[in-house]
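Descriptive analysis of the structure
In case you want the letters, here they are:
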Amino acid sequence: MNTNLAFQEELWEELIDGQIVAMSPAATNHNRVASMIYHIFQGYLDGKNCIPFGDNETVFLTEKDHFVPDSMIVCDRNKIQSDGVHGAPDLVVEVLSPSTARRDKGYKKNVYEACGVPEYWIVDTMNRSIEVYLLQGGKYYLDNLYILYPDFMLKKMTESEKSALVTEFKCHLYDDLVFSLEKIFSTLF
């Protein structure tokens with residue numbers, strides 16, 4: 001068996017501004033964090049109307065833009081078809097990789113905004129941070145930047161600075177779904 005062919009069969013592609021872009025296999029930390037976020041959504045949404053999707057599910061947003069986010073939530077089941085999700089999800093999560101960070105923070109963020117995705121998370125495993133953007137009046141605003149600081153930085157902080165840190169946050173779709181940065185980033189190597 002040709003191992004190169006087997007490897008090629010596992011690659012996913014996105015259509016970005018009309019150009020086919022091959023997605024490289026993600027690094028271990030990327031996969032572990034994306035999986036953790038998906039599993040939190042999956043456990044919470046079990047038996048509820050909204051559906052969580054993990055990586056490898058295409059969202060068809062425009063004729064020129066078919067993305068494969070790391071995670072998404074879709075509440076309108078009419079958007080779900082056999083080949084993917086057609087239309088704006090209710091929440092999208094992109095976990096940054098060196099090769100995708102610019103697109104995730106630029107072009108893709110702009111497309112998600114223009115297509116009406118209400119909530120967009122950009123997760124940075126290197127900095128152990130999550131940027132949460134919310135759509136208001138057709139434009140994204142940064143709702144918050146959550147950072148899990150390493151121990152050496154925490155040691156330099158005053159008690160007042162430490163007490164002001166926010167390491168848990170709620171998903172804006174649900175009042176009772178709390179995300180812990182420690183849990184999300186607990187599997188990093």
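Residues numbered from 1 in each chain as written. Predicted model: local features only at pLDDT ≥ 70, side-chain atom pairs only at ≥ 80, totals over all residues. Heavy atoms only, no water.

**Describing the packing of aromatic side chains**
According to the stated counting rule, one finds 12 aromatic pairs in the structure shown. Consider the rings of Y120 and Y140, whose centres lie 6.1 Å apart with planes at 20 degrees: the pair is stacked. Taken together, the positions of Y120 in strand β10 (residues 119–124) and Y140 in strand β12 (residues 139–147) put the pair 20 residues apart, joining distant regions of the chain. Accessibility expressed as a relative area gives 0% for Y120, which makes it buried. Considering the side-chain rings of W121 and F169, the 5.2 Å spacing of their centres and the 70 degrees angle between planes classify their relative orientation as edge-to-face. Linking W121 in strand β10 with F169 in strand β13 (residues 168–170), this pair joins segments that are 48 residues apart in sequence. Aromatic ring contacts, followed pair by pair, group F41, W121, Y146, F169 and F179 into a single cluster. The positively charged end of K108 is found above the aromatic ring belonging to F67, 5.1 Å away from the centroid. Geometry around Y133 places K109 over its ring, the cationic atom sitting 4.4 Å from the centre. (Phe/Tyr/Trp six-rings, centres within 6.5 Å; stacked < 30°, edge-to-face > 60°. Helix = DSSP H or I, 4+ residues; strand = E, 2+ residues; numbered from the N terminus. Buried < 20%, exposed > 50% of the residue type's maximum accessible area, 1.4 Å probe, protein only. Lys NZ or Arg CZ within 6 Å of the ring centre and 35° of its normal.)

**Here's the deal with the pattern of salt bridges**
Two side chains carrying opposite charge are able to pair once their charged atoms lie near each other. This model, assessed by the stated rule, comprises 6 salt bridges. Among the ionic pairs, K108 bridges to D104, the shortest N-O distance being 3.5 Å. On the basis of relative accessible area, K108 is assigned to the buried category, the value being 3%. For D104, a relative accessible area of 2% translates into the label buried. Within the structure, one salt-bridge network assembled from shared partners comprises E14, E94, D104 and K108. (Salt bridge = Lys/Arg side-chain N within 4 Å of Asp/Glu carboxyl O.)

**Overview of the state of the cysteines**
Within this structure, the stated rule accounts for 1 disulfide. Note on cysteine connectivity: C50 is disulfide-linked to C75, with sulfurs 1.9 Å apart. With the S-S dihedral at roughly 100 degrees, the linkage between C50 and C75 falls on the right-handed side. Of this pair, C50 sits in the loop between α2 (28–45) and β3 (51–53) while C75 sits in the loop between β6 (71–74) and β7 (80–81), placing them 25 residues apart in sequence. Assigned by exposure class, C50 and C75 land together as buried. Not engaged in a disulfide, the cysteine C115 finds its nearest cysteine sulfur in C75; these two sulfurs lie 17 Å apart. A residue is classified by how much of its surface remains accessible, and C115, at 25% relative accessible area, is partly exposed. Free cysteine C171: the closest other cysteine sulfur is in C75, separated by 9.0 Å. (Disulfide = S-S within 2.5 Å.)

**Structural notes on helix α4 (residues 107–114)**
By the burial criterion, the buried members of α4 are K108, K109, V111, Y112 and E113. Phi turns positive one or two residues past the end of α4, at G116, with a value near 85 degrees.

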